[in-house]
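Structural overview
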2 protein chains.
Amino acid sequence: MRNIKLTLAYEGTAYLGFQRQKQGPTIQGTLEESLVHLTGERPRVIGAGRTDAGVHALGQVVNFHTSSRIETGRFVPALNSLLPRDIAVLAAEEVPLAFHARRDAKRKTYTYRLWRPSVRPVFERDRSYHFPRPLDLAAMEAAPRLLVGRHDFAVFGSSGSTEVKTTVRTVFAAGWQEEGPLLTFTITADGFLYRMVRNIVGTLLEIGLGKHPPEWVEELLALGHRPAAGPAVPARGLFLVRVEY
Amino acid sequence: MRNIKLTLAYEGTAYLGFQRQKQGPTIQGTLEESLVHLTGERPRVIGAGRTDAGVHALGQVVNFHTSSRIETGRFVPALNSLLPRDIAVLAAEEVPLAFHARRDAKRKTYTYRLWRPSVRPVFERDRSYHFPRPLDLAAMEAAPRLLVGRHDFAVFGSSGSTEVKTTVRTVFAAGWQEEGPLLTFTITADGFLYRMVRNIVGTLLEIGLGKHPPEWVEELLALGHRPAAGPAVPARGLFLVRVEY
């Protein structure tokens, strides 16, 4: 038996999310089907992050156990020849049998992309959120600094996850970056609650619109329940960038 | 009567090309339908370049005549609210009645994007051509310089265009640029024969692969018939970038 770790990129637009569902295609389900074709076995694929419908990945990490003798390096071209064009395996390595892509993740990084020009995005239409309204960038840059550190992020979590034991997380870094027509939010933490990044970005946009001062983030963290924070932004701007172990 | 000039961006993936066809959706047809809704008239839209199925535009230019009293600046938001998400109007201006988007074009610029990493593109899968094979970049950079100037480009034209009177064109600039995972060819000319850019890129790739020296371009130009040149590359890497008047 071997434990294989894969790094994946995918465009989530056509999928119901990472996690296998009966109602339609998922990343996990599609990858598992390709592994059936390749190995003759039906391994269960474990993902580091259970991205929602429409959410993308530049560096999702998964693992699966297999008794297949396929050379580890061969998994990359072999799976890519079987997978649809919107999913690609970037790397494969053999890891200790106990490695678990989700439980062993130490840090995850997500980005959220806003499309700022008044004319809506054409090529990036499924990979950004069109938000052309004027924003106070100084206020929006000040607010995420207040997220950094160990906090109870309950106010930024949504119901939907069943496995959550604690809502305390440590954010290592969070900030905005302008790049041409895109304004991108990047956040690194030891873990994320369900919809946490989208809820945080929605809250930061309320601050950018001048509806609340940057310190609102501190008040919300102290408050600790959901309806007070800003509305979640759409899935299509969100990317799982990197998982570190 | 007014003559309105529009600048458009579109992703050509879902369209049979610019020019109206009965078999399926085209850019011209979709734009004309939106104009029917907006103006109550059915103006004929004239495009500067008749992009093929799967070819994209960052700055296609079109014009149409209308007796509508809609303020010129209103065409941008009004059409964008009617058009599908993969077509956007970037700008609108009123021009003299005699202006003709195709006949009056002085220069057009196209780019062709190659995706170079060994793993295929995920997000750029419909907007680049995956070409991971090793290339002699020095040879590929030398060859396009031989295209610059006034030449008979018959060898790089394909049958398919009916309006061609002469196959002589002037290329003002042509060259390659590396940008992360992409290797992009950019060419500016006073006009292009049918499939000329895709035929040129296919020929330059043969040179990059070492099958021919850069001087092959000169031999081909002197030869003046099509089958001798390299095969055309796929439509999905091609973008109409700019039209100048």
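Structure shown above.
This one's a predicted model, so the numbers in the text were calculated from it and none came from an experiment. (Residues numbered from 1 in each chain as written. Chains lettered and ligands numbered in written order. Predicted model: local features only at pLDDT ≥ 70, side-chain atom pairs only at ≥ 80, totals over all residues. Heavy atoms only, no water.)

**Focus: the overall build of chain A**
If you tally the helices and strands in chain A, you get five helices and ten strands. Against the globule reference of 18 Å for 245 residues, chain A gives a C-alpha radius of gyration of 19 Å, in line with a compact fold. In terms of principal-axis extent, the alpha carbons of chain A reach across some 60 × 40 × 30 Å. The burial tally for chain A puts 55% of its 245 residues in the buried class. A fraction of 70% describes how many contacts in chain A between residues 6 or more apart in sequence connect residues 24 or more apart. A total accessible area of about 10800 Å² is found for chain A, and carbon and sulfur atoms account for 51% of it. Each charge class in chain A can be summarised by its mean position, and for the 31 positive and 24 negative side chains these summaries are 5 Å apart. (Helix = DSSP H or I, 4+ residues; strand = E, 2+ residues; numbered from the N terminus. Rg over C-alpha atoms; globule rule 2.2 N^0.38 Å. Buried < 20%, exposed > 50% of the residue type's maximum accessible area, 1.4 Å probe, protein only. Contact = heavy atoms within 4.5 Å. Areas by Shrake-Rupley, 256 points an atom, 1.4 Å probe, with all protein chains shown as cover. Lys, Arg positive; Asp, Glu negative; His and termini not counted. Charge placed at Lys NZ, Arg CZ, Asp CG, Glu CD.)

**Section: the packing of aromatic side chains**
For the coordinates displayed, the defined rule picks out 14 aromatic pairs over all chains. Ring geometry for Phe64 of chain A versus Phe75 of chain A: centroids 5.7 Å apart, planes at 75 degrees, classification edge-to-face. In this pair, Phe64 of chain A is assigned in strand β3 (residues 56–66) and Phe75 of chain A in helix α2 (residues 75–82), connecting sequence segments eleven residues apart. Judged by relative accessible area, which is 0%, Phe64 of chain A ranks as buried. Residue Phe75 of chain A is classed as buried on the basis of its relative accessible area, which comes to 0%. Consider the rings of Phe239 of chain A and Phe123 of chain B, whose centres lie 5.5 Å apart with planes at 55 degrees: the pair is tilted. Of this pair, Phe239 of chain A sits in strand β10 (residues 238–244) while Phe123 of chain B sits in the loop between β5 (107–115) and β6 (129–130), placing the two residues on different chains. Since its relative accessible area comes to 12%, Phe123 of chain B is described here as buried. Just above the ring of Phe172 of chain A sits the side chain of Arg107 of chain A; from NZ or CZ to the centre is 4.1 Å. (Phe/Tyr/Trp six-rings, centres within 6.5 Å; stacked < 30°, edge-to-face > 60°. Lys NZ or Arg CZ within 6 Å of the ring centre and 35° of its normal.)

**What about the interface of chain A and chain B?**
Tallying the contact residues gives 28 residues for chain A and 28 residues for chain B. At the surface where chain A touches chain B, the tally comes to four salt bridges. Where chain A touches chain B, the interface holds 14 residue pairs in polar contact (both at pLDDT 80 or more). For the side of chain A that touches chain B, the elements supplying multiple residues, two or more each, are β1 (2–10), β3, α2 and β4 (87–95) of chain A. Per element, the largest residue contribution to the side of chain A that touches chain B is four residues, and it comes from β4 of chain A. (Salt bridge = Lys/Arg side-chain N within 4 Å of Asp/Glu carboxyl O. Polar contact = N/O pair within 3.5 Å; in protein donor to acceptor, adjacent residues only side chain to side chain.)

**A look at helix α2 (residues 75–82) of chain B**
Those residues of α2 of chain B lying buried are Phe75, Val76, Ala78, Leu79 and Asn80 of chain B. Buried residues along α2 of chain B sit in contact with β1 (2–10), α1 (27–39), β3 (56–66) and β4 (87–95) of chain B.

**What to know about the environment of Gly175 of chain A**
The residue Gly175 of chain A is located in strand β8 (residues 168–179) in this model. Excluding anything up to four places from it in sequence, Gly175 of chain A contacts Glu141, Pro144, Thr184, Phe185 and Thr186 of chain A.

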